[in-house]
Amino acid sequence: MKILVPVKRVVDYNVKIRVKADQTGVELANVKMSLNPFDEIAIEEAVRLKESGAASEVVVVSIGPDKAQEQLRTAMAIGADRGILVQTDAPIDLGGVEPLAVAKTLKALVEKESPDIVILGKQSIDDDSNQTGQMLAALLGWAQGTFASKVEINGDTINVTREVDGGLETLALKKPCIISTDLRLNEPRYAKLPDIMKAKKKELEVIEPSALGVDYAPRLEVLKVVEPPVRQGGIKVASVDELVEKLKNEAKVI
Ligand code: AMP
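Anyway, here's the lowdown on the structure attached to this text. One numbering rule holds for all chains: residues counted from 1, following each sequence as written. Restriction of local features to residues with pLDDT of at least 70 applies here, the model being predicted, together with a cutoff of 80 or more for giving and counting side-chain atom pairs; totals for whole chains, interfaces and linings are based on all residues. By convention in this description, side-chain values take in all heavy atoms of the structure and omit both hydrogens and water.

### What to know about the overall build of the chain
Helix and strand assignments come from DSSP, with helices taken as H or I runs of at least 4 residues and strands as E runs of at least 2, each series counted from the N terminus. Scanning the chain for helices and strands turns up 6 helices and 11 strands. Expressed along its principal axes, the backbone C-alpha trace of the chain runs to roughly 65 × 45 × 40 Å. For the chain, long-range pairs separated by at least 24 residues make up 71% of all intrachain contacts whose partners lie at least 6 apart in sequence. To be clear on the numbers: accessible area is Shrake-Rupley with a 1.4 Å probe, and residue cover counts the displayed protein chains and nothing else. Split by element, the accessible area of the chain, about 14,000 Å² in all, is 52% carbon and sulfur. Across the chain, the mean location of the 34 positive side-chain charges is 3 Å away from that of the 39 negative side-chain charges. Any two residues having at least one pair of non-hydrogen atoms within 4.5 Å are treated as being in contact. Positive charge is attributed to Lys and Arg, negative charge to Asp and Glu, and no charge count is given to His or to the chain ends. To locate a charge, take NZ of a lysine, CZ of an arginine, CG of an aspartate or CD of a glutamate.

### Thoughts on the site of the ligand
Around the ligand sit 18 residues, and of these Asp-39, Ser-124, Asn-130, Gln-131 and Thr-132 come closest. The backbone of Pro-6 places a nitrogen or oxygen atom 2.8 Å from an oxygen atom of the ligand. Between Ser-129 and the ligand, the recorded distance is 3.4 Å, taken from a backbone N or O atom to an oxygen atom. For the ligand, whose unbound accessible area comes to 480 Å², protein coverage reaches 99%. If you list the elements that add at least two residues to the shell around the ligand, you get strand S4 (57-64) and strand S6 (117-121). Broken down by element, the residue count for the shell around the ligand peaks at 3 residues, all from S4. Residues are labelled near a given molecule or strand when at least one of their non-hydrogen atoms is within 4 Å of it. Polar contact is the term for a pair of N or O atoms within 3.5 Å; when the atoms are in protein, one must be able to donate a hydrogen and the other to accept it, and sequence-neighboring residues count only if both atoms are side-chain atoms.

### Some details on the sheet that holds strand S11 (residues 204-207)
Two strands pair under a simple rule: DSSP has to find at least two bridges between them. In space, the 9 strands of this open sheet follow the order S9-S8-S7-S10-S6-S1-S4-S5-S11, with mixed pairing throughout. Two strands close off the open sheet at either side, each with one partner strand: strand S9 (167-174) and S11. Each strand axis lies, on average, 35° off the axis of its neighbour in the sheet, ignoring direction. Of the pairings in the sheet, the one linking S4 to strand S5 (residues 82-87) comprises 6 bridges and is parallel in character. Along S5, the bridge assignment pairs Ile-63 with Val-86. Axis definition: a line fitted to C-alpha atoms, limited for helices to the stretch in contact. Angles are taken between N-to-C directions and run from 0 to 180 degrees.

### Some words on the packing of helix H3 (residues 99-113) against helix H4 (residues 132-140)
The geometry of H3 relative to H4 is characterised by a closest axis approach of 9 Å and an angle of 50° between their N-to-C directions. Our classification of the angle between H3 and H4 gives oblique. Between H3 and H4 lies a crossing whose hand is right-handed. Of H4, the residues touching H3 (which contributes Pro-99, Leu-100, Val-102, Ala-103, Lys-104, Leu-106, Lys-107 and Val-110) are Thr-132, Met-135, Leu-136, Leu-139 and Leu-140. Looking at the contact of H3 with H4 residue by residue, the class counts come to 10 nonpolar, 1 polar and 2 charged. Each angle gets one of four labels, with under 35 degrees taken as roughly parallel, over 145 as roughly antiparallel, 65 to 115 as roughly perpendicular, and the rest as oblique. Here a crossing is called left-handed whenever its near helix is offset anticlockwise from the far helix by less than a right angle, and right-handed whenever the offset is clockwise. Here the term charged refers only to Asp, Glu, Lys and Arg, the term nonpolar to Ala, Val, Leu, Ile, Met, Phe, Trp, Tyr, Cys and Pro, and the term polar to all other amino acids, Gly among them.

### Here we look at the packing of aromatic side chains
Stacked, edge-to-face and tilted are the three classes for Phe, Tyr and Trp ring pairs, Trp counted by its six-membered ring, which pair at centre distances within 6.5 Å; planes under 30 degrees apart are stacked, over 60 edge-to-face, the rest tilted. With the rule as written, the count across this model stands at 0 aromatic pairs. Any Lys NZ or Arg CZ found within 6 Å of a ring centre and within 35 degrees of that ring's normal is scored as a charge over the ring. Between Lys-122 and the ring centre of Phe-147, over which it is positioned, the NZ or CZ distance is 5.4 Å.

### Section: the pattern of salt bridges
We count a salt bridge whenever a side-chain nitrogen from Lys or Arg sits within 4 Å of a carboxyl oxygen from Asp or Glu. On inspection of all chains with the given rule, the structure shows 21 salt bridges. Among the salt bridges present, the one from Arg-189 reaches Glu-44, with a minimum N-O distance of 2.9 Å. In this pair, Arg-189 is assigned in the loop between strand S10 (177-181) and helix H5 (193-199) and Glu-44 in helix H1 (residues 37-51), connecting sequence segments 145 residues apart. Note that Arg-184 and Glu-163 form a salt bridge whose closest N and O atoms lie 2.8 Å from each other.

### Digging into the nonpolar core
Core analysis: the largest hydrophobic core is formed by 34 residues, its most contacted members being Ile-3, Val-5, Ile-43, Val-60, Ile-119 and Ile-179. Of all the elements in the fold, those that place two or more residues in this core are strand S1 (2-6), H1, S4, helix H2 (69-78), S6, strand S7 (143-154), strand S8 (157-164) and S10. Considering each element in turn, this core owes the most residues, 6 residues, to H1. If sequence neighbours within four positions are ignored, Ile-3 has contacts with Ala-46, Leu-49, Ala-55, Glu-57, Val-58, Val-59, Pro-115, Ile-117 and Ile-119. By nonpolar core we mean a set of buried residues, namely Ala, Val, Leu, Ile, Met, Phe, Trp, Tyr and Cys, connected to one another through side-chain atoms within 4.5 Å. Think of it in three bands: residues with accessible area under 20% of the maximum for their type are buried, residues over 50% are exposed, and the middle band is partly exposed, with areas taken using a 1.4 Å probe on protein chains only.

### Quick look at a nonpolar patch on the surface
Only residues above 30% relative accessible area that lack a salt bridge enter a patch, with like-charged residues linked at up to 9 Å and the nonpolar side chains Val, Leu, Ile, Met, Phe, Trp and Tyr linked at up to 5 Å. On the surface, Ile-235, Val-237, Val-240, Leu-243, Val-244, Leu-247, Val-253 and Ile-254 cluster together to form a nonpolar patch covering roughly 700 Å² of accessible area. Among the secondary structure elements, Val-240 is positioned in helix H6 (residues 240-249).

### Points about unusual backbone geometry
Cis peptide bonds are those with omega within 30 degrees of zero, and the linkage from Lys-175 to Pro-176 qualifies with -5°. Unusually for a residue other than glycine, Ser-114 sits at a positive phi of about 50°. Of note, Ser-114 is situated in the loop between H3 and S6. In this model, Lys-252 sits at a positive phi of 55°, which is unusual for a non-glycine residue. Classification of Lys-252 as exposed rests on a relative accessible area of 63%.

These figures come from the coordinates and say nothing about function on their own.
Next comes the structure, spelled out in structure tokens:
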């Protein structure tokens, strides 16, 4: 069984985001970039399936700038077998390569690579779209299990447990299928130094979007990106009565 894992290069989750002065997006110059955290979970799950003998190959793919090779190498240090970079200089947040264009690129790669499962993150932490996996499933006509908190292989069936309001839902998917990862699916390992060294020698193919016949023309226009409003300082109230009065008449929450 072959697994394809799409991974995105995003601003590291520890970085305090700064909005560009012209409000067209967020500042990316001299900012630490990393693997999208949900994609790390996707790689970990795929590698565990390989270690358990259920999968035979894990291929990681990223659509992004040349530097996204760093994230592909990290994914290979975690245990992916090889990587593919679909290289583009277009920005990869909203206003650049949109989820639909990513999904079309992935569809073309699925046709080339014939994986049995595609495991994606449930969302990119930069644009928070939560669209790519669902669009890919629609374009391919494949089954999908979104927000997986547990994945179990059962012959040709894959059981995906999802956290839903009020409990857990388990779906049985027929292969080939799409799975998107939720936070609780697993805890990704840290890549060890020998694995980082080994990953440098793994195969990394670089291709142009035009080789896949995908059009990256934007369908969306970002009107503006703004900082969240600055939090107002708190106040002290003298009594419970005053608190209740303020909650009722000022905050209007009770
Ligand atoms: P999104 O729909 O943008 O929230 O992204 C959902 C998932 O799609 C991510 O967690 C990745 O697995 C995948 N994805 C999104 N953008 C890219 C990209 N540029 N390259 C590779 N995978 C991507």
